[in-house]
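# Descriptive analysis of the structure
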Amino acid sequence: MKKVRCATYEGIDAKVVDVESTLTKGLPSFSIVGMASTAITESKERVKSALLSNDFSFPPKRITFLLAPSELAKSGSQFDLSMALLILLNESDADLNGWFVFGELGLDGKVKENIQLYPLILSLANQGLISQAVVPYESLQKLSKIPNVSFYGVKSVNEAVSLLKNQENATPNIEQSEIGYPYYQLEAQRFYYTKEYTEDFIDVKGQEIAKRAALIAAAGFHNIIFEGSPGCGKSMIANRLRYILPPMTESEILDVAKLEVLEGYEPQFKPHRTLKNPHHSSTPASIFGGGSHKAKIGEVGLANNGILFFDELPHFSKAVLESLREPMQDAKIRISRVNSKVEYPARFLFVGAMNPCPCGNLLDSHKECRCSDLEIQKYKNRLSEPFLDRIDLNVVMQNVNANDRPSFSSKEMHKTVIEAHIFCQKRGQKEFNAHLSDKDLERFCKMDNASNTILQTAIERFALSFRSIKKIQKVARTIADLSQSVLIEKEHMLEALSYRKR
């Protein structure tokens with residue numbers, strides 16, 4: 001019996017699959033056991049044709065493949081090359097231990113690229129389960145971004161056989177490639193960024209308070225809601241926010257590329273954080289993930305390390321808004337079904353945009369609001385207090401004025417965010433301010449006497465919850481970082497309090 005390794009998905013993570021084979025005497029047959037999907041069982045015909053097309057004699061034996069562990073459901077065409085090599089090397093003395101083999105076979109024996117290989121192998125690498133792999137030659141460019149793995153690219157089943165028979169002379173096809181974007185390095189960690197501003201804050205006229213709040217939200221990854229009349233610039237600011245977010249580590253860039261592949265896109269490997277903007281009519285399953293047999297990732301999981309933007313916030317269903325409370329608090333989403341239980345990371349910056357009333361004119365000084373008090377109250381009640389308690393910054397947009405002019409560009413704002421990020425890192429802080437634990441809160445959010453007095457007064461006057469108190473401290477810490485202040489001072493605390501929901 002010989003064995004090589006491959007992998008399959010369980011949720012968004014990869015699980016190692018041992019591909020074992022036996023060729024025994026008996027009536028010629030070809031069977032695959034171990035909860036294989038249709039795509040895997042169809043590989044029998046691809047493997048047979050590939051071997052016969054390359055002048056390999058198909059053995060007249062009873063061929064059995066086991067994909068272990070048997071209780072794990074397996075899918076994908078990446079098992080083709082593993083099975084073909086086990087048949088061809090059955091009587092060889094080649095040592096296959098420790099080798100991962102991935103690849104789909106064409107009928108002519110060519111090894112084809114499979115876009116799903118990148119997230120599979122990245123997941124294995126993050127778990128420290130893989131060190132060397134045989135992969136399609138066409139996939140090398142993408143796979144070379146993954147660190148600490150030696151890749152051996154093959155174009156055909158003939159090349160794969162030759163490689164494993166002469167392992168002592170084999171060398172990896174490509175060294176790990178660099179991420180081609182500017183970066184700065186603090187200690188051993190590189191932080192990558194880009195100077196591309198497809199949508200620029202220079203286009204937003206006026207709205208200085210909202211732009212200041214957006215800067216704070218970006219620097220500390222704080223949840224934010226913009227409230228204002230239709231057309232005042234809420235969506236404009238939200239769509240530009242992604243371009244001024246903090247730089248990304250290599251692991252974050254690779255994870256974003258993994259999510260791009262899971263969505264069906266080619267990975268870009270750019271230090272741009274994602275922006276997911278589901279429509280308010282989206283179902284809970286599409287937003288949070290789900291499925292009766294195999295739990296799939298939703299918009300919340302795909303927004304990991306990026307922005308989750310809900311436009312027309314009160315029009316989302318009550319079930320969606322209330323379900324959003326857990327991932328906003330715990331930075332993860334759990335999907336439980338009869339057939340599967342999956343947990344996804346969901347560390348995102350939540351951005352909401354809403355009108356002040358159903359008609360949108362409540363705050364407009366020139367238009368008359370047509371809504372009754374009951375309609376306005378019903379509209380506001382769509383957002384519960386526990387949900388609003390998880391929002392760090394609440395911004396009421398200013399009225400549009402003909403004299404409004406542009407002020408800060410995205411380039412200037414991004415430079416300020418980067419400077420604040422470096423300031424945080426140099427004091428030994430690894431998490432964004434919004435994600436600080438209680439222990440780190442005491443360590444990094446140190447206040448002077450004046451700011452501490454103001455906070456205590458606010459706690460007594462407004463009956464703030466423990467969560468609200470911590471969020472105010474974290475926002476004040478970000479404001480202090482933007483001004484390069486070691487301590488949270490009076491003006492920082494007062495500005496942080498001004499963004500609380502009243």
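In what follows, the accompanying structure is described. (Residues numbered from 1 in each chain as written. Predicted model: local features only at pLDDT ≥ 70, side-chain atom pairs only at ≥ 80, totals over all residues. Heavy atoms only, no water.)

## Focus on the pairing of strand 8 (residues 132-136)
Most of strand 8 is tucked away, with four of its five residues classed as buried. Examined bridge by bridge, strand 8 and strand 9 (residues 150-154) share five bridges and lie parallel to one another. Each residue of the ladder has a partner; that of Pro136, found in strand 9, is Val154. (Buried < 20%, exposed > 50% of the residue type's maximum accessible area, 1.4 Å probe, protein only. Helix = DSSP H or I, 4+ residues; strand = E, 2+ residues; numbered from the N terminus. Pairing = 2+ DSSP bridges.)

## Quick notes on the packing of aromatic side chains
Each aromatic ring pair is described using two quantities: the centre-to-centre distance and the angle formed by the ring planes. Per the counting criterion, the structure on display carries twelve aromatic pairs. Considering the side-chain rings of Phe30 and Phe65, the 5.5 Å spacing of their centres and the 40 degrees angle between planes classify their relative orientation as tilted. Of this pair, Phe30 sits in strand 3 (residues 29-33) while Phe65 sits in strand 4 (residues 62-68), placing them 35 residues apart in sequence. There is no split in this pair, since Phe30 and Phe65 are both buried. Between the aromatic rings of Tyr118 and Phe269, the centroid separation amounts to 5.3 Å while the plane-to-plane angle is 85 degrees, which identifies the pairing as edge-to-face. Separated by 151 residues along the polypeptide, Tyr118 in helix 4 (residues 117-126) and Phe269 in the loop between helix 9 (250-262) and strand 13 (275-276) bring together distant segments of the chain. Looking at Tyr118, the relative accessible area reads 1%, which means it is buried. Members of the aromatic cluster, joined through ring pairs, are Phe310, Phe316, Phe350 and Phe387. Lying over the aromatic face of Phe269, Lys145 brings its terminal NZ or CZ to 5.5 Å of the ring centre. Directly above the ring of Tyr137 sits Lys155, whose terminal nitrogen or CZ lies 4.7 Å from the centroid. (Phe/Tyr/Trp six-rings, centres within 6.5 Å; stacked < 30°, edge-to-face > 60°. Lys NZ or Arg CZ within 6 Å of the ring centre and 35° of its normal.)

## So, the pattern of salt bridges
A side chain of one charge can pair with a side chain of the opposite charge when the charged atoms of the two come close. Throughout the structure, instances matching the rule amount to 30 salt bridges. Among the salt bridges present, the one from Arg46 reaches Asp80, with a minimum N-O distance of 2.5 Å. One end of the pair, Arg46, is in helix 2 (residues 43-53); the other, Asp80, is in helix 3 (residues 80-88), and 34 residues separate them in sequence. Assigned by exposure class, Arg46 and Asp80 land together as buried. Among the salt bridges present, the one from Asp392 reaches Lys471, with a minimum N-O distance of 2.9 Å. Of this pair, Asp392 sits in the loop between helix 15 (385-388) and strand 18 (393-396) while Lys471 sits in helix 19 (residues 466-482); the two residues are 79 residues apart in sequence, bridging distant segments of the chain. Of the two residues, Asp392 and Lys471, both sit in the buried class. Linked through salt bridges whose partners overlap, the residues forming this network are Asp330, Lys332, Arg334 and Glu343. (Salt bridge = Lys/Arg side-chain N within 4 Å of Asp/Glu carboxyl O.)

## A short note on the sheet that holds strand 18
What links the strands of a sheet is backbone hydrogen bonding, and the strands pair in either a parallel or an antiparallel sense. Here five strands make up an open sheet; going across it, the order is 13-14-17-12-18 and the pairing parallel. Of all the strands in the sheet, the pair left with one neighbour each is strand 13 and strand 18. Looking at chain direction, strand 12 (residues 224-227) and strand 18 are connected through four bridges and run parallel. Across the sheet, the residue bridging to Ile225 is Asn394, located in strand 18.

## Section: helix 2
Restricting attention to buried positions, one finds in helix 2 the residues Ser43, Arg46, Val47, Ala50 and Leu51. Angularly, the buried residues of helix 2 cover 120 degrees about the axis, an arc narrow enough to put them on a single face. For helix 2, the exposed residues set more than 90 degrees away from the buried face come down to Glu45 and Leu52. Residues of helix 2 that are buried in the fold lie against strand 3, helix 1 (38-41), helix 3 and strand 6 (104-105). Just past helix 2, the residue Asp55 takes up positive phi, approximately 65 degrees. (Arc of directions from axis to C-beta. Contact = heavy atoms within 4.5 Å.)

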